[in-house]
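# Structure assessment
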2 protein chains.
Amino acid sequence: MDWNTLLASRGARMKASEIRELLKLLDQPDIISFAGGIPDPTLFPAQAFAETFASVMAGPLANSALQYSVSEGYLPLREWLAARMAALGVPCGAENILITSGSQQALDYLGKLLLSPGDTAMVGWPTYLGALGAFNAYEPRYERLDPLDNRPAGELVDAAAPGAVKFAYLTPDFANPTGETLPLAQRHALLDRAEAMGIAVIEDSAYQALRYDGEAVPPILALDVARSGGIENTRTIYCGSFSKTLAPGLRVGWVCAAKPVIQRLVLMKQAADLHSATLNQIVTHQVAEKLFDRHVAGLHATYSARRDALLAALAREMPEGVSWTRPEGGMFIWLTLPEAMDGAALLARAIATEKVAFVPGGAFFADGSNRNTLRLSFSCASPSQIDEGMARLGRVMRSRLEK
Amino acid sequence: MDWNTLLASRGARMKASEIRELLKLLDQPDIISFAGGIPDPTLFPAQAFAETFASVMAGPLANSALQYSVSEGYLPLREWLAARMAALGVPCGAENILITSGSQQALDYLGKLLLSPGDTAMVGWPTYLGALGAFNAYEPRYERLDPLDNRPAGELVDAAAPGAVKFAYLTPDFANPTGETLPLAQRHALLDRAEAMGIAVIEDSAYQALRYDGEAVPPILALDVARSGGIENTRTIYCGSFSKTLAPGLRVGWVCAAKPVIQRLVLMKQAADLHSATLNQIVTHQVAEKLFDRHVAGLHATYSARRDALLAALAREMPEGVSWTRPEGGMFIWLTLPEAMDGAALLARAIATEKVAFVPGGAFFADGSNRNTLRLSFSCASPSQIDEGMARLGRVMRSRLEK
């Protein structure tokens, strides 16, 4: 096999993310987009970041902020995160924290650590598209994760060949794409099942801090700690991120888990990119220490108003036969359309005729099923854009239904 | 297999980098260390970085600098790099450049793209330890890369099973660890061989800009472009980095290659960490545009004086039977000791009795052979530390030889 043949053969391992390819088409200013699952950039604490970059670069840390640093991450940031995790019911130390370049990198490393080709990953149906992207590189099969699934654990293991199921992955709070939160009883059921199957649980907490109402449910890792008597006995790997609370462009996330997991991930990170950017970790630590809770409270006020506007507009504009989730936080509402209505076809028509955009739901299913679904993000739209956008979407849907 | 058994079974894929573990022991201030292969932090253009962070964060790019961005990297930086590559004899466009989080990340992605377990990578004997670390995750075998090796290509392919050799990896300029540069004729010989074998060439150019004297040799990618009629026909993948010229802590590197390679790596990066930190790319671009050549000229003056001091001290202090390289650039000098002298044992004794440190050479060989070697880095030592350090090292060696 020569080089060009080899290279061509490697394309099959990867395919472009539909969402990111789609985003490239949305630069036209007259499109109202509910597609991008990104935070509103006008809400970033840019002034605090500017001041902190300036003070770090003018202070005694300047040279070390520009230098190589340890793969584990900046110790004061890891200590700050350990204290946050303790407040969430996960008593732990800095040695239980690894800093990653966003939680996306944690998903990649966990796939690399745990999956061999043909292994099985249990994921939500639907699930976060970026998780499928990260795991796909390691060529797993997928089984449907439903914590209340009444199949006995053994049946699942058998279906996948003994030992082939390696982990269950989920976003328990305000999931991307559904906006839904896993109730406490189902979190316990999931841990029961993971224990019976001898597998890990990957808890993606990207949106956890963005709860606007309702009662907080403890992280799965906190429940695991309480059941198993301490973080060192847990099987849950918690992936956190500053991307939705402070800013995604600095690429700072973290993993919280038992030390043997962290130690392996540290070696993996050392081999893969040495460490996350030193300066970004120092600045993130100082900004978080200064204003994290206050800033997140401000996000709650703005994002919850947008969610409310979207829920009200949906009630007003959606034709009969369309249903949707009512999330208590996060950035997303998930729509289920009449069976025969294809989300991708609807998108093509919505962009062409009404200049309104969203993400078709099929991409979020490991098998591409459930194409009569779509995801709306309310994070970047003003209430008036939301009203106008849903009026447009309603018109597109009704024109499809009338055919 | 349960979760703990599974986790335990995954340790074998990774082992800690000897160098990084060693570095942790060198915090004692009275040790003179020639171990760390890192740039001198007092030489970073910290003032220019401080000003640029401040102006970007105060300007119209502030919000987008903190936001998600495209996986390919910041377009103005990619354009600046394409122009630099053209000046090095590689006419290309931004579409031939991917921004990575340091060139280490490029090595990880190339391993992920090209290696399956049992495949063969050809590497220098010795080679960059971090490349072995990155590739090891994909479980390759290693063959010795020697461009003038007179075995016919077919013999190598047969030894490794047909098609099993995937690429040759090397640092042609001022290599880590030897400091040596591959002459022009051998670069051509390497391309001849890669062509005959149908494999890729990974050109790690981390130190290329740090030439202090002698005549520059064109990058292998430039030779490949000239032979094959344009970058789109090349088999060479060039990995660059700002870590040794501007600052490593921001984690900005790049890959330059034919578009099909870049496109696959972009998808891989999208799945693995979405993109490198947006702000860091913007700031690196502006600082590079402002002062790259001038700043690198200053590094040449300082580092070449340190290299000269180390060469002079070696001539003065080394016992008979020790030989060393005379690099025209970079940060490293490589010592070959008398056959019976073990670099690792020498290090243990050097730290204990004379408080002087270096990196034993065995770690740089894929098979751990050639233990009678060591690497000295002159990047962070003053001429007086160099004089004192080599006097100490000479004493330790002589005490070993007298036994």
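Because the structure is predicted, anything quoted here is derived from the model rather than measured.

## Focus on the overall build of chain A
Looking only at helices and strands, chain A features 14 helices and 13 strands. Relative to the globule expectation of 22 Å for 403 residues, the C-alpha radius of gyration of chain A, 22 Å, shows essentially globular dimensions. Once the C-alpha set of chain A is aligned to its principal axes, its extents read approximately 65 × 55 × 55 Å. Burial analysis of chain A (403 residues in total) assigns 64% to the buried set. When contacts within chain A are restricted to residue pairs at least 6 apart in sequence, long-range pairs at least 24 apart make up 75% of them. About 14,100 Å² of surface is accessible on chain A, with carbon and sulfur atoms providing 53% of the total. In chain A, the 37 positive side-chain charges and the 42 negative ones have mean positions that sit 3 Å from each other.

## Structural notes on the interface of chain A and chain B
Accessible area lost upon the coming together of the parts is a frequently used measure of interface size. Counting from both sides, the interface comprises 79 residues of chain A and, opposite them, 79 residues of chain B. When the two sides are added together, the surface that chain A and chain B hide from each other amounts to roughly 6,600 Å², 60% of it contributed by carbon and sulfur. Ionic pairing is found between D108(A) and K112(B), a salt bridge with its closest N-O pair at 2.9 Å. Mapped onto the side of chain A that touches chain B, the elements with two or more residues apiece are α1 (3-9), α3 (46-58), α4 (62-65), α6 (102-114), α7 (129-136), α11 (259-273) and α12 (278-317) of chain A. In terms of residue count, the dominant contributor to the side of chain A that touches chain B is α11(A) (nine residues). For the side of chain A that touches chain B, a count of residues per class yields 42 nonpolar, 21 polar and 16 charged.

## Things to note about the nonpolar core
If you look at the biggest cluster of nonpolar residues, it comprises 79 residues, and the most contacted ones within it are F49(A), F242(A), C256(A), F49(B) and F242(B). Each residue touching F242(A), except ones within four places of it in the same chain, is listed here: L77(A), W80(A), L81(A), A247(A), V252(A), W254(A), T284(A), A288(A) and F292(A).

## Structural notes on the relation of the copies chain A and chain B
If you rotate chain A by 180° and push it 0.0 Å along the axis, it lands on chain B with an RMSD of 0.0 Å. The superposition of one copy onto the other is thereby described by a two-fold rotation axis. Minimal C-alpha separation from the rotation axis in chain A is found for A54(A), amounting to 3.0 Å. In this assembly the copies share their binding face: 100% of the residues contributing to the interface of chain A also contribute to that of chain B.

## Description of the pairing of strand β7 (residues 236-241) of chain A
Residues and elements named next belong to chain A. Within β7, six of the six residues are buried, which leaves the element mostly enclosed by the surrounding structure. Across the two faces of β7 the burial is the same, with T236, Y238 and G240 and I237, C239 and S241 all buried. Pairing geometry for strand β6 (residues 200-204) and β7, over four bridges, is parallel. Across the sheet, the residue bridging to E203 is Y238, located in β7. In this view, the connection linking β6 to its parallel neighbour β7 by way of helix α10 (residues 220-228) has right-handed handedness. Examined bridge by bridge, β7 and strand β8 (residues 253-256) share four bridges and lie antiparallel to one another. Among the inter-strand pairings, C239 is bridged to a residue of β8, identified as V255.

## Quick look at the UniProt feature "domain: Aminotransferase class I/classII large" (unreviewed entry) in chain A
Within this numbering scheme, the UniProt entry marks residues 64-393 of chain A as carrying the feature "domain: Aminotransferase class I/classII large" (unreviewed entry). Between the C-alpha atoms that bound residues 64-393 of chain A there is a distance of 52 Å. The span itself is 44% helix and 15% strand.

## Here's the deal with the environment of M341(B)
Residue and element names in this part refer to chain B. With respect to the element layout, M341 can be found in the loop between β10 (332-336) and α13 (343-354). According to the relative accessible area criterion, M341 is buried, its value standing at 7%. The spacing of M341 and T234 is 107 residues in sequence and 43 Å in space, taken between C-alpha atoms. Not counting chain neighbours up to four residues away, the residues in contact with M341 comprise L346, R371, N372, M397, R400 and L401.

## A word on the pattern of salt bridges
Residues and elements named next belong to chain A. Inspection of every chain in the model, using the stated rule, returns 38 salt bridges over all chains. Residues D40 and R306 are paired through a salt bridge, measuring 2.8 Å at the closest nitrogen-oxygen approach. Residue D40 is found in the loop between β1 (32-33) and α3, and its partner R306 is found in helix α12; the two are separated by 266 residues along the sequence. Across the pair, exposure class does not vary: D40 and R306 are buried alike.

## Quick word on helix α8 (residues 153-160) of chain B
Residues and elements named next belong to chain B. Among the residues of α8, those classed as buried are A153, L156, V157 and A160. For α8, the arc enclosing every buried residue in end-on projection is 95°, short of the 170-degree limit, so these residues lie on one face. Facing away from the buried surface of α8 by more than 90 degrees, the exposed residues are D158 and A159. In this structure, the buried residues of α8 make contact with β3 (120-123), β4 (141-144), β5 (165-170) and α9 (184-197). One or two positions beyond α8, positive phi appears at A161, with a value near 80°.

## Observations concerning the packing of helix α9 (residues 184-197) of chain A against α10(A)
Each pair of packed helices can be described by the angle between their axes along with the distance between the axes. All names here are of chain A. The contact between α9 and α10 brings their axes to 10 Å, and the two run at 60°. When the interaxial angle is binned, α9 and α10 end up oblique. Handedness of the crossing formed by α9 with α10: right-handed. Contacts from L184, R187, H188, L190, L191, D192 and E195 of α9 reach α10 at I220, L223, D224 and R227. Taken together, the residues of the contact of α9 with α10 sort by class into five nonpolar, one polar and five charged.

## Observations concerning the pairing of strand β3 (residues 120-123) of chain A
Residue and element names in this part refer to chain A. Neither face of β3 is exposed, since T120 and M122 on one face and A121 and V123 on the opposite face are all buried. Here β3 pairs with strand β4 (residues 141-144) via four bridges, running parallel. Its bridge partner being in β4, A121 is matched across the sheet by Y142. Taking the sense of rotation as the criterion, the β-α-β connection linking β3, α7 and β4 turns out right-handed.

Rules and cut-offs
Position labels on residues start from 1 in each chain and follow its written sequence. In the order they appear in the text, chains get letters beginning with A and ligands get numbers beginning with 1. Local features in a predicted model are, by the rule used here, given only for residues with pLDDT of at least 70; side-chain atom pairs are given and counted only at 80 or more, and totals for whole chains, interfaces and linings are based on all residues. Hydrogens are left out, water is left out, and the side-chain values use all remaining heavy atoms of the structure. Helix and strand definitions follow DSSP, with helices as H or I runs of at least four residues and strands as E runs of at least two, each counted in order from the N terminus. Radius of gyration: over C-alpha atoms. The globule rule applied is 2.2 Å multiplied by the number of residues raised to the 0.38 power. Categorising residues by exposure relies on relative accessible area from a 1.4 Å probe, with only protein chains included: less than 20% of the type maximum marks a residue as buried, more than 50% marks it as exposed, and the intermediate range marks it as partly exposed. Every residue pair with non-hydrogen atoms within 4.5 Å of one another is taken to be in contact. Each accessible area is a Shrake-Rupley result for a 1.4 Å probe, and residues are judged covered by the shown protein chains and nothing else. Residues scored as positive are Lys and Arg, those scored as negative are Asp and Glu, and His as well as the terminal groups of each chain are ignored. Taken as the charge centre is NZ of Lys, CZ of Arg, CG of Asp or CD of Glu, depending on the residue. By convention, the term buried area covers the 1.4 Å-probe accessible surface removed from two parts as they join, with the contributions of both added. When a carboxyl oxygen of Asp or Glu lies within 4 Å of a side-chain nitrogen of Lys or Arg, that pair is called a salt bridge. In the scheme used here, Gly and all other residues not listed as nonpolar or charged are polar, with Ala, Val, Leu, Ile, Met, Phe, Trp, Tyr, Cys and Pro taken as nonpolar and Asp, Glu, Lys and Arg as charged. Throughout this description, the term nonpolar core refers to a set of buried Ala, Val, Leu, Ile, Met, Phe, Trp, Tyr and Cys residues connected via side-chain atoms within 4.5 Å. A least-squares superposition brings the copies together, and it is based on the C-alpha atoms of residues with pLDDT no lower than 70 in both. Here the rule is simple: two strands pair whenever DSSP picks up at least two bridges between them. Viewed with both strands pointing away, a crossover whose connecting path from the first strand over the helix to the second turns clockwise is right-handed. UniProt positions are given in the numbering used here, feature names are shortened, and annotations may be inferred rather than shown by experiment. As used here, the arc belongs to the directions running from the helix axis to the C-beta atoms. A fitted line through C-alpha atoms serves as each axis, taken over the contacting stretch for helices, and the angle formed by two N-to-C directions is quoted from 0 to 180°. Angles below 35 degrees are treated as roughly parallel, those above 145 as roughly antiparallel, those between 65 and 115 as roughly perpendicular, and all remaining angles as oblique. Two helices cross in a left-handed way if the nearer one is turned anticlockwise from the farther one by less than a right angle. They cross in a right-handed way if the turn is clockwise.

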